[in-house]
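Working through the structure, step by step
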Amino acid sequence: MASSNSFKLRCSIPGHEMDVRGLATAIFPEGAFVSVSRDRTGRVWVPNSSSPDTGFSEMHCMSGHSNFVSCVCVIAPSETYPRGLFATGGNDNNICVFTLDQPQPLYTLEGHKNTVCTLSSGKFGTLLSGSWDTTAKVWLNEKCMMTLQGHTAAVWAVTILPEQGLMLSGSADKTIKLWKAGRCERTFTGHEDCVRGLAVISNTEFLSCSNDTSIRRWQVTGECIQVYYSHTNYIYSLAVFPDSQDFISTGEDRSLRIWRQGECCQTIRFPAQSVWCCCVLPNGDIAVGASDGIIRIFTESEDRMASAEDLQAFEDELSKATIDPKTGDLGDIKLEDLPGREHLNEPGNRDGQTRLIKDGQKVEAYQWSVSDGRWVKIGDVVGGSNQQTSKSVMYEGKEYDYVFTIDMNEEGPSMKLPYNVTDDPWLVAHNFLQRNDLSPMFLDQVANFIIENTKGHVVGPAQIGGGDPFTGGSRYVPGSSNDGSGFGADPFTGAGRYIPGSSSNASAPSGVADPFTGKGAYSSAAQRQTSTNIYFPKTDGVTFEQANAPQIIAKLKELNEGAPQEHKLSDDTMGSLEQLLLVVCGANSPETPPTIQQISLLWKVSHWPEDIVFPVLDILRLAVRHPQVNESLCGEAEGVQLCNHLLSLMRPDGRPANQLLALRTLCNSFSGRHGRALLVSQREAVLSRAADLAAVFNKNIHIALATLVLNYAGCFHIQPDLDAKAQCLSVASRALETVQDKEAIFRLLVALGTTVASDQTAQDLARSLGVGSQISKYSTVSEPSKLGECCQLVLKELQ
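The following refers to the structure shown. As the structure is a prediction and not an experimental result, all values here were calculated from the model. (Residues numbered from 1 in each chain as written. Predicted model: local features only at pLDDT ≥ 70, side-chain atom pairs only at ≥ 80, totals over all residues. Heavy atoms only, no water.)

1. Concerning the sheet that holds strand E24 (residues 255-260)
Strand order in this open sheet of four strands is E22-E23-E24-E25, and the pairing throughout is antiparallel. Both edges of this open sheet fall to strand E22 (235-240) and strand E25 (263-269), since each of them pairs with a single strand only. Direction aside, the axes of adjacent strands within the sheet are offset by 20° on average. Here strand E23 (residues 247-251) runs beside E24; their pairing, made up of four bridges, is antiparallel. Paired with Ser249 across the two strands is Arg257, which belongs to E24. (Pairing = 2+ DSSP bridges. Helix = DSSP H or I, 4+ residues; strand = E, 2+ residues; numbered from the N terminus. Axes fitted to C-alpha atoms, helices over the stretch in contact; angles between N-to-C directions.)

See below:
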């Protein structure tokens, strides 16, 4: 097949009635692609059956959004949907998912609070979305599994990296964020304006484009290794050629640009201002969507190029376009300084170079085509930045340089925004919002919209319309390792006298072989059949039981003697605490339960100064196992206060001893039904705070963290909750990134196994997060044998 090494028009597809905002290559049928538009539809296009090398025909039309459709992606085939699915996002805040079998959505995903403007699909049916509401969301099996929060402005671009579990988001806050298991692992800075597009090059590199007119190439480790310049206005989209590092880009400068070996080797201009989107088809052709509602296909293959007549028609259409110089690279225009048509006899220096010439009182723009060896007219210039407006627009009896039409939605009435170039855009924006009873949160957006759309002046009437900051229409862009100290044998005194719950073992209810205590009932691999899964699902809570009551009391008395006078405990208080400790440790007869006064006193003293409170927390850790204490402290009245107090002690800059004992207290709270109910209700806050402690390099804290996740996993195996399971998977996966202690790793593996056991959706999510590849290194660990055995069983669940 012959190749010209230069892309030329293959065909134009005038199927949409408004701007084409998104394109994606379809998996089925072969050679097909899908487009979405502001006309509220999505359409699937297939090569013509009679002459597949020439054009495309519409195969399928999808509708389901109540407002503009902004983006599209293709979800990979599955057993249920062997031809894959199409996901579309819109200005109605929803995501619609379609099949090829019907025009209506198969289902609709609701959850975003503003326009869904970007979508990306991953393995196992995972869908990633970004929205003007500043969040990205992870979806699986019709459910939102995670919300990625951290950006401070609209999320305009998302993509899923080939390495499982890694996700990227680009935002109007000028940053890019890398996410792993729901946590922001890295923030990339360098762009000077809104990040509009992302494209993956390999497992380790990706591209980004921005309103700052640059394209950047990044390594996932954080380094920007190259910056590409050629565009002269906002860049909206990127696409990478298959099995290549070459790519294409489109933008507000009316162009598609082809990049080879880091250089812009070809520029194709369009007879439309906004070139919104692009994708590379499997055969290497390029599909491009623009603001004129037309999809254009370009090819390098001479066999597929349009006829000479069609190529000339495209050139003629381009030559009739009008160009406002503020939207391109034309600069200030002074008619008297421009050369005449004879200037076109001189060849250009590079493909895409523009040249202005004077033809009478007209200014024409030409672009150099390397492949054709000639200057191609790309339009008539209609104004210059040194020219003054000669006419104005009347609005409510007054003259204005501009009157923009703003549509909050298609159903509601439009609003007029009048503006003079001598006005303060921020004051005008403020008055507009007040006059129309709109939220002040739009102030930056409206002001920046005015600034961007009134750079320079235009010949003729002020522009009615322009961009729309609320619907995304036209060209508006909204918004322009903790080294934590560990501690030794005695974290409190530096000696070996008192170690609160120092054993890393924790006891579980007695019964069959117990891999958590390592005691007599547990047998080695050689003594049992390896096919038996004794590890998970584990639904009974694992607690921290070890106690040395005399040492705890001795430490409490020692610290009390040196405490400030206002915090000293009376002898009666010390006696009550000692009596309570003996009761909850079983030293007294079971007929002597803790008193309400003792429990109230324990709660009060648990607020001792943080540098001396740890022995009281150790008593609290042991006391919450007792049914009466569990009911009293974890019940509806006091439970949330207890939880908040423990979370405050677990803050990342807190004392390691307090962090450890607060975690163990939470673990032990699972031993009673009131404690379980409290922790289930506070799950999101508790696991979020606990996850941060993985960065504290202390094995006892890591074991307690892993145990907390395990206890939660056990709760949600009995009472399935998809959101809760997603958080358990996320926290366990994140902890495994830093935890080194084998006992902690083992408990995290049991938590993973318990979460995914007998739950296909949880298994799919674990696969999409890359859990299998993350834990596979533990499958060959032989010491302790339970680590390798449990890992193999988890991997078996994820096959």
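Now that the structure has been shown, we can carry on.
2. Describing the side chain of Asn91
Relative to the helices and strands, Asn91 is located in the loop between strand E7 (85-90) and strand E8 (95-98). Its relative accessible area of 10% is what places Asn91 among the buried residues. Polar contacts involving the side chain of Asn91 include one to the side chain of Ser70, which spans 2.7 Å. (Buried < 20%, exposed > 50% of the residue type's maximum accessible area, 1.4 Å probe, protein only. Polar contact = N/O pair within 3.5 Å; in protein donor to acceptor, adjacent residues only side chain to side chain.)

3. Side note on the environment of Gly89
As for its placement among the helices and strands, Gly89 is situated in strand E7. The sequence separation of Gly89 and Leu119 amounts to 30 residues, and the corresponding C-alpha distance is 7.1 Å. Sequence-distant contacts of Gly89, defined by excluding residues within four places in its chain, comprise His65, Val69, Ser70, Cys71, Asn94, Ile95, Val116 and Leu119. (Contact = heavy atoms within 4.5 Å.)

4. Side note on the packing of helix H11 (residues 673-681) against helix H13 (residues 699-718)
Contact geometry for H11 and H13: axes closest at 11 Å, N-to-C directions at 95°. Classed by the angle they form, the pair H11 and H13 counts as roughly perpendicular. Where H11 approaches H13, its residues Arg676, Leu679 and Val680 are matched on the opposing element by Tyr712, Cys715 and Phe716. Of the residues in the contact of H11 with H13, the class split is five nonpolar, no polar and one charged. (Parallel < 35°, antiparallel > 145°, perpendicular 65-115°, else oblique. Nonpolar A, V, L, I, M, F, W, Y, C, P; charged D, E, K, R; others polar.)

5. So, unusual backbone geometry
Backbone torsion omega between Phe28 and Pro29 reads -10°, so that peptide bond is classified as cis. Relative to the helices and strands, Pro29 is located in the loop between strand E2 (20-25) and strand E3 (33-37). Despite not being glycine, Asn93 has its phi angle at roughly 75°, a positive value. Residue position: Asn93 is located in the loop between E7 and E8. For Asn93, a relative accessible area of 22% puts it in the partly exposed group. Not every positive phi belongs to a glycine, and Asn141 is a case in point at roughly 50°. In this fold, Asn141 is placed in the loop between strand E12 (136-140) and strand E13 (143-148). Exposure remark for Asn141: the relative accessible area of 37% places this residue in the partly exposed category.

6. Remarks on the pattern of salt bridges
For the structure shown, the criterion picks out 30 salt bridges. With a shortest N-O distance of 3.1 Å, Asp359 and Arg341 are connected by a salt bridge. You can see Asp359 sitting in strand E30 (residues 354-359) and its partner Arg341 sitting in the loop between strand E29 (322-323) and E30, a full 18 residues away along the chain. According to the relative accessible area criterion, Arg341 is partly exposed, its value standing at 39%. In this structure, Lys786 and Glu743 form a salt bridge, with 2.9 Å as the shortest nitrogen-oxygen distance. Pair noted here: Lys786 is in helix H18 (residues 785-797) and Glu743 is in helix H15 (residues 742-756), with a separation of 43 residues, a long-range link. (Salt bridge = Lys/Arg side-chain N within 4 Å of Asp/Glu carboxyl O.)

7. Re the pairing of E7
Across the six residues of E7, six count as buried, placing the element largely inside the fold. Neither face of E7 is open: one carries Leu85, Ala87 and Gly89, the other Phe86, Thr88 and Gly90, and all of them are buried. Taken together, the six bridges between strand E6 (residues 69-75) and E7 define a ladder with antiparallel strand orientation. Following the sheet pairing, Ile75 is matched in E7 by Leu85. As paired strands, E7 and E8 are joined by four bridges and run antiparallel to one another. Considered in E8, the bridge of Thr88 is made with Cys96. Turn length for the E7-E8 hairpin, with the two strands adjacent in sequence and antiparallel, is four residues, and the turn residue Asn93 shows positive phi of about 75°.

8. Concerning the packing of helix H8 (residues 627-634) against H11
Two numbers describe how H8 lies on H11: the axes approach to 7 Å, and their chain directions differ by 30°. Contacts between H8 and H11 pair Asn630, Glu631 and Cys634 from the former with Arg673, His674, Gly675 and Leu678 from the latter.

9. Considering helix H5 (residues 571-584)
Relative to the 20 Å expected for 14 residues at 1.5 Å per residue, H5 spans 20 Å between its end C-alpha atoms, a close match to the ideal helical length. Of all the positions in H5, only Thr573, Met574, Leu577, Leu580, Leu581, Val583 and Val584 are classed as buried. Considering only its buried residues, H5 is in contact with helix H4 (549-562), helix H6 (596-605), helix H7 (614-623) and H8. Note on H5: the residue one or two positions beyond its end, Gly586, has a positive phi of about 80°. (Expected span 1.5 Å × (residues − 1).)

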